[in-house]
Amino acid sequence: MEFPQQQKPAGDGKIIYPPGVKEITDKISNDEVVKRLKMVVKTYMDMDQDSEEEKQQYLGLALHLASEFFLRNPNKDVRLLVACCLADIFRIYAPEAPYTSHDKLKDIFLFITRQLKGLEDTKSPQFNRYFYLLENLAWVKSYNICFELEDCNEIFIQLFKTLFSVINNSHNQKVQMHMMDLMSSIIMEGDGVTQELLDTILINLIPAHKNLNKQAYDLAKTLLKRTVQTIETCIANFFNQVLVMGKSSVSDLSEHVFDLIQELFAIDPMLLTSVMPQLEFKLKSNDGEERLAVVRLLAKLFGAKDSELASQNRPLWQCFLGRFNDIHVPVRLECVKFASHCLMNHPDLARDLTEYLKVRSHDPEEAIRHDVIVTIINAGKKDLNLVNDQLLGFVRERTLDKRWRVRKEAMMGLAQLYKKYCLHHEAGKESALKISWIKDKLLHIYYQNSIDDKALNEMWKCQNMLRGLVKELLDLHKLPVSEANNTAMFGKLMSIAKNLPDAGKAQDFMKKFNQVLGEDEKLRVQLEMLISPTCSCKQAEICVREITRKLTFPKQPTNPFLEMVKFLLERIAPVHIDSEAISALVKLLNKSIEGTADDDEEGVTPDTAIRSGLELLKVLSFTHPTAFHSAETYESLLQCLKMEDDKVAEAAIQIFRNTGQKIETELQQIRSTLIPILHQKAKRGTPHQAKQAVHCIHAIFNNKEVQLAQIFEPLSRSLNADVPEQLITPLVSLGHISMLAPDQFASPMKSIVANFIVKDLLMNDRSVGNKNGKLWTTDEEVSPEVLAKVQAIKLLVRWLLGMKNNQSKSANSTLRLLSAMLVSEGDLTEQKKISKSDMSRLRLAAGGAIMKLAQEPCYHDIITPEQFQLCGLVINDECYQVRQIFAQKLHLALVKLLLPLEYLAVFALCAKDPVKERRAHARQCLLKNISVRREYIKQNPLAQEKLVSLLPEYVVPYMIHLLAHDPDFTKPHEYEQLKDIKECLWFMLEVLMTKNENNSHAFLRKMVENIKQTKDAQCPEDAKANEKLYIVCDVALFVIANKSTACHLDSPKDPVLPSKFFLIQDKDFKNDKEYLTGEMRQMLLTGKPKPAPVLGAVNKPLTVPGRRIFTKTTTASDTASNTSTNSSPLSSTINKNSQNATPDAGTEASPVKRRGRPPKTAAAAAPVAAEKEAAAPAVGGTGRGRKRAADPNSNPSAESINIKMSKQQQQNDEGTKRQIDLQR
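These numbers were taken from a predicted model, which means no experiment stands behind them.

(A) Quick peek at the overall build of the protein chain. Per the secondary structure count, the protein chain includes 58 helices and two strands. Within the protein chain, residue pairs in contact and separated by at least 24 positions form 76% of the contacts whose partners lie at least 6 positions apart. Carbon and sulfur atoms make up 51% of the accessible area of the protein chain, which totals about 56,900 Å².

Structure (structure tokens):
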């Protein structure tokens, strides 16, 4: 379009100024310019469009005001006044502007736009003029003139950016209205909105910008609502370019499309009319992460409270529901989480969701099954009518889930619904009736045959622990006020808070509650009565009512402090169990024993009911012992002792042990009946019964010495190694007696140990084991002789644990015996009579025994590094079950802080385990143990003094020493062996270095550097051993430096190294040698093709003091598979092709040791079950000691092969080298 010819001013081009206004030029001062311009502004303000004469008169002035002098003037006031004049000029001369040059118009509107920035400061003296400028522009729609300009978009973008940037919360509604009018007219009257202009609007909807300027967000929101009909097409085009065509370059906002869709939908769904079908296309994307992003978006759109999207766009809704069955786990998880909001906000969609939630309640992923329950329960807690019977049925099914976390969530969720609607009657009788089945369902769980967890048991254990903590807190209130007392109180309060919901808030509330307790003695009395063992359920109800009444403030409608205290009282009050409840349970048990109960109607046999009932009573005997004290209860338990079911009798004895402290003084008749039964169980019962019987006698009778002697003497005389079947129970009883009463029985036990246990039983093999080559068999298949030997080893340990001293040096001799058991692979006599599976049992028993002795400080001090290494290497045993059980025992002892910190280093060896599950289990054990130790240090201020034995980082020196003495580490400069060392180090360091608390990474580096400046205390003069130690240090430093950028900072403190493992060098000694070459570092960092590994041996040859190491010669009967069906955790079918899969089967014997754990490559390539299949015999030597991987191409060195002594030599040396003298 052509602009009209520029109008010419009247009077020969001379500029006419209003009356009283002198000429405005660059020759006058700024103040004078401002003064004259104000008069010009007044003149233009008073003019209207009908003043034709004045319009012509002042045309020259209008053109003059658009000159460069004014548009580029540095004075702010001059520019503002000129902008106001120009705005009025556009108003007066509308619809035709006096300026016809495109460039001039562009300059003018960009100039006016820049002046609008002055709107930002509402307190400015000139704000009214800025407002007048905005009002004038909006009213006249002056910017619409720019539509005729080719580059009008630049002006509009600048205008929109300016208005969005200046708007703030100090602007009134008129300012916002004029801004809205100005922008909406540009959008609605133009030919379309460019992408750049659209971006200036949409950018204000992005969460980051939205939070920075809420007023800009509101302005954009209102603008979009007003212009929806016009702008919807432009928005659709933008999303089509990005979502369908994948052109992310069209806009800088492309990465925020899903955030924008959510915001636009909330503003007005009409803005997305054409966009929603594009989302259906994206839901079917091949990219799982992309589907996840769309599902997250649609979950918010469908789940929003007032959203009608599901009813308006059924195809999209059905497509979204299909994602409940997505192959990508996070997508399914997101769908399940969405269902909770959907059920709450859109009950009408529950029918659509039910079928999909049903499928997901059987999802193979535990987390998804868990979240299905959370979804249903959360909706049910908001309103029971939101969940139908079908949905509640899914939760009911999950109470039998195979995973404990899911079962727990299902049971706890149902219990919460029952409490809310049945106990508190929050929704009337109809709702209570709807879920009345929950109570029976939860209680019937205890009639299941093979349940491995009991929520009620855990609840009672937690209750008992909390009651104990509250009692300790009350006891502290009875002591005088002191700093130590306050510290102890704080520790108790933190422990209590950890067991309450929202531990952070609970800590503050518990501090306040403790303060109230200190000020109110009556409150303390009520609380003490509540946690008293004799408190009945009725008394507890009164106490809770009194305590809550004291803490209630009528003027407060909500009291979160009181709610938290109520939660604590609920957890510690005996609301379920008291003497009356125990009596009722016992009566039910009696009915089952007498056969008059309705057990069959409940779907269980009477025997199962009795066993389950006793298991329940056994748990209660730990937590509520005083509630059992009645003749009627004990009479019923005596009946159970006489039953043939071993488990029933064992549970009954344990209940007597836990609850019978007053039997001797108050129930003489029970006492006289019980004693002979306990004697009989200790002499001829099962091993478990014998153990419980001995402990029961020790716990409840005053004349325990006499009672135990009457058992000890006949048993000690009747020991006969020729009849091992009859040895097991006597050995169990004797071991526990000597542990419980060491002063009385330690001395007579010493001769039994020396003459019978060691000489006659452990050092003799009377029977020949099964030579089937299996590494593990069931308990029933283990030979009686080996079972007796295992109990003999346990007896040795119990005897020593009872004595708790090493005055007679018996512990040294026992440790040598156990070490010899490990070195000889379990075949202590080396007569080859014992089967491989029995040898596995004995190795496990020996490793467990050393670990048990290490828990007693006096014995831990005498365990040598060699013995510690032998014990630790059991975690790499060739037999899967030995590794598994040993790791579990190790974890349990460590997590209870019973074992010294050095034993945590043993888990580093699990990096070599070929079974993925074992490595994962070891990592979880490490995480748990490190977490427990860190938490213990935080909760116990006194622990700061024992950091060397508690701080997890101090495990590193022990790990380095253990790896330096790994018998696999024979060639310290070979890549493969160094790679194994690196893997073991990183297995531990990865967990330790998860966080850099207190600059711990630098502390670790400093610790390893310090080790390089010491000698190996195990063999200080052995240069090769020291070199291996330094090489492991260099690998550790390499790993730490590669995984942390903060490790080179200064260490917060100087580490302390254990003198048992490291000797301090002379002050002049400085070891700054680099033991890893640059090439080796590069290989360790990047890796290289690794040749297929060949298995070495399981039991490593380590020298034990006083013992010579021999290498056994191979015989046909010795050569057997190391991946036996029985050496794995799961049974599987025999691999018929296994002989073909073993390249060495049937070939000439190789000098390389082949027995041992399977190679990692094989374990990684096949599922775990593959390790459990029987393989063909692997031909190779079976040397003494732990067997590990060896290179098939390497020749065994003279150092690693020992010559087998002749039988004659063995017989000659038998007295001096093989007999273990425990009296030394």
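Structure shown, so let's carry the discussion forward.
(B) Inspection of the packing of aromatic side chains at higher detail. Using the criterion set out here, one finds 21 aromatic pairs in the structure. For the ring pair Phe90 and Phe109, a centre distance of 4.8 Å and an interplane angle of 25° mean the geometry is stacked. Linking Phe90 in helix H5 (residues 76-92) with Phe109 in helix H6 (residues 102-115), this pair joins segments that are 19 residues apart in sequence. The same class applies to Phe90 and to Phe109, which are both buried. Consider the rings of Phe238 and Phe239, whose centres lie 4.9 Å apart with planes at 45°: the pair is tilted. For the pair shown, Phe238 and Phe239 are each scored as buried. Ring pairing ties together the aromatic residues Phe302, Trp317, Phe320, Phe324, Phe338 and Tyr356, which thus form one cluster. Across from the ring centre of Phe561, 4.5 Å away, lies the NZ or CZ of Lys512, which sits over that ring.

(C) Inspection of the state of the cysteines at higher detail. Per the counting criterion, the structure on display carries zero disulfides. Considering cysteine sulfurs only, Cys146 is the nearest to Cys152, which forms no disulfide, with 7.1 Å between them.

(D) Broad picture of a nonpolar patch on the surface. Taken together, the side chains of Val244, Met245 and Phe281 define a hydrophobic patch exposed on the protein surface, amounting to about 280 Å² of accessible area. By secondary structure assignment, the location of Met245 is in the loop between helix H13 (228-244) and helix H14 (257-267).

(E) Inspection of the pattern of salt bridges at higher detail. What the rule picks out here adds up to 50 salt bridges. The shortest N-O distance in the salt bridge between Arg91 and Asp88 comes to 2.9 Å. In this pair, Arg91 and Asp88 are both assigned in helix H5, three residues apart and thus about one turn of the helix distant. Note on Asp88: relative accessible area 0%, which makes it buried. The network of salt bridges with common partners includes Lys471, Asp475, Lys478 and Glu528.

(F) Structural view of unusual backbone geometry. Of note in this structure, Glu825 is not a glycine but carries a positive phi near 65°. Looking at where Glu825 falls in the secondary structure, it is placed in the loop between helix H43 (810-823) and helix H44 (836-853).

(G) Representation of the packing of helix H51 (residues 975-992) against helix H53 (residues 1023-1043) within the structure. Here H51 crosses H53 at 55°, and the two axes come no closer than 10 Å. Our classification of the angle between H51 and H53 gives oblique. With respect to the hand of their crossing, H51 and H53 are arranged in right-handed fashion. Mapping the contact onto sequence places Leu978, Ile981, Lys982, Leu985, Trp986 and Leu989 in H51 and Ile1031, Val1032, Val1035, Ala1036, Val1039, Ile1040 and Lys1043 in H53. Partitioned by chemical class, the residues of the contact of H51 with H53 number eleven nonpolar, no polar and two charged.

(H) The arrangement of the confidence of the model for the protein chain in detail. Scored by pLDDT, the protein chain has a mean of 80; 85% of the residues are at 70 or more. Here helix H55 (residues 1138-1141) stands out as the least confident element of the protein chain, with mean pLDDT 35; helix H46 (residues 865-872) is the most confident, with 95. Confidence drops under a pLDDT of 50 for residues 449-453, and excluding neighbours within four residues, the segment shows six contacts in the predicted structure. Below a pLDDT of 50 lies the segment residues 1089-1224, which in the model reaches 296 contacts outside its immediate sequence neighbourhood of four places, other chains included.

(I) Region of the structure containing a negative patch on the surface. Taken together, the side chains of Asp48, Asp50, Glu53 and Glu54 make up a negatively charged region of the molecular surface. Its location among the elements puts Glu54 in helix H2 (residues 52-57).

(J) Up close: the packing of H13 against H14. Contact pair H13 / H14: the axes reach a minimum separation of 11 Å and the direction vectors enclose 150°. Judged by the angle between their axes, H13 and H14 are roughly antiparallel. Taken as a pair, H13 and H14 cross one another with a handedness that is left-handed. Between H13 and H14, the contacting residues are Ile235, Phe238, Phe239, Val242 and Leu243 on the first element and Val257, Phe258, Leu260, Ile261 and Leu264 on the second.

(K) Seen up close, the environment of Ser165. Relative to the assigned elements, Ser165 resides in helix H8 (residues 152-166). For Ser165, a relative accessible area of 44% gives the class partly exposed. Expressed as a C-alpha distance, the spacing of Ser165 and Lys117, which sit 48 residues apart in the sequence, is 8.2 Å. Excluding residues that lie within four positions of it along the chain, Ser165 makes contacts with Glu120 and Asn213.

(L) Seen up close, empty space enclosed by the protein. If you walk through the whole model with that rule in mind, you get six cavities of 30 Å³ or more. Of the volumes computed, that of the second largest cavity is approximately 60 Å³. Every residue along the wall of the second largest cavity is listed here: Asp765, Ser767, Gly769, Ser783, Glu785, Val786, Lys789, Lys833, Ile834, Ser835 and Asp838. Per-element accounting of the lining of the second largest cavity gives the leading share, three residues, to helix H42 (residues 784-803). Its residues assigned to classes, the lining of the second largest cavity shows two nonpolar, four polar and five charged.

(M) Fine view of H13. Helix length check: H13 (17 residues) gives 22 Å between terminal C-alpha atoms against 24 Å at 1.5 Å per residue, within 8%. Taken as a whole, H13 has its buried residues at Val228, Ile231, Glu232, Cys234, Ile235, Ala236, Phe238, Phe239, Gln241, Val242 and Leu243. Those residues of H13 hidden inside the fold are in contact with helix H9 (173-189), helix H10 (195-202), helix H12 (214-226), H14 and helix H15 (276-283). At the exit of H13 stands Gly246, carrying a positive phi of roughly 70°.

(N) Examining a positive patch on the surface more closely. Together, Lys691, Lys794, Lys852, Lys889 and Lys896 line one region of the surface with positive charge. Within the secondary structure, Lys691 is located in helix H38 (residues 687-700).

(O) Looking closely at the environment of Tyr936. Note on placement: Tyr936 falls in helix H48 (residues 916-939). On the basis of relative accessibility, which here comes to 35%, the residue Tyr936 falls in the partly exposed class. Note: C-alpha distance between Tyr936 and Leu951 (15 residues apart in sequence) is 9.6 Å. Dropping the residues within four chain positions of it, Tyr936 is found in contact with Leu897, Ala943 and Leu950.

(P) Broad picture of helix H28 (residues 503-519). Helix length check: H28 (17 residues) gives 24 Å between terminal C-alpha atoms against 24 Å at 1.5 Å per residue, within 8%. By the burial criterion, the buried members of H28 are Ala506, Phe509, Met510, Phe513, Asn514 and Leu517. Each buried residue of H28 sits inside an arc of 150° when the element is viewed along its axis, so together they form one side. Set apart from the buried face of H28 by more than 90 degrees, the exposed residues are Lys505, Asp508, Gln515 and Glu519.

About the thresholds
- Residues numbered from 1 in each chain as written.
- Predicted model: local features only at pLDDT ≥ 70, side-chain atom pairs only at ≥ 80, totals over all residues.
- Heavy atoms only, no water.
- Helix = DSSP H or I, 4+ residues; strand = E, 2+ residues; numbered from the N terminus.
- Contact = heavy atoms within 4.5 Å.
- Areas by Shrake-Rupley, 256 points an atom, 1.4 Å probe, with all protein chains shown as cover.
- Phe/Tyr/Trp six-rings, centres within 6.5 Å; stacked < 30°, edge-to-face > 60°.
- Buried < 20%, exposed > 50% of the residue type's maximum accessible area, 1.4 Å probe, protein only.
- Lys NZ or Arg CZ within 6 Å of the ring centre and 35° of its normal.
- Disulfide = S-S within 2.5 Å.
- Patch = residues over 30% accessible without salt bridge, like charges linked within 9 Å, V, L, I, M, F, W, Y side chains within 5 Å.
- Salt bridge = Lys/Arg side-chain N within 4 Å of Asp/Glu carboxyl O.
- Axes fitted to C-alpha atoms, helices over the stretch in contact; angles between N-to-C directions.
- Parallel < 35°, antiparallel > 145°, perpendicular 65-115°, else oblique.
- Left-handed = near helix turned anticlockwise from the far one by under 90°.
- Nonpolar A, V, L, I, M, F, W, Y, C, P; charged D, E, K, R; others polar.
- pLDDT = per-residue confidence, 0-100.
- Lys, Arg positive; Asp, Glu negative; His and termini not counted.
- Charge placed at Lys NZ, Arg CZ, Asp CG, Glu CD.
- 1 Å grid on protein atoms, 1.4 Å probe; cavity = no way out; pocket = protein on both sides within 12 Å on 5 of 7 lines; lining within 4 Å.
- Points joined across faces, edges and corners; volume = space filled by probe spheres on them.
- Expected span 1.5 Å × (residues − 1).
- Arc of directions from axis to C-beta.

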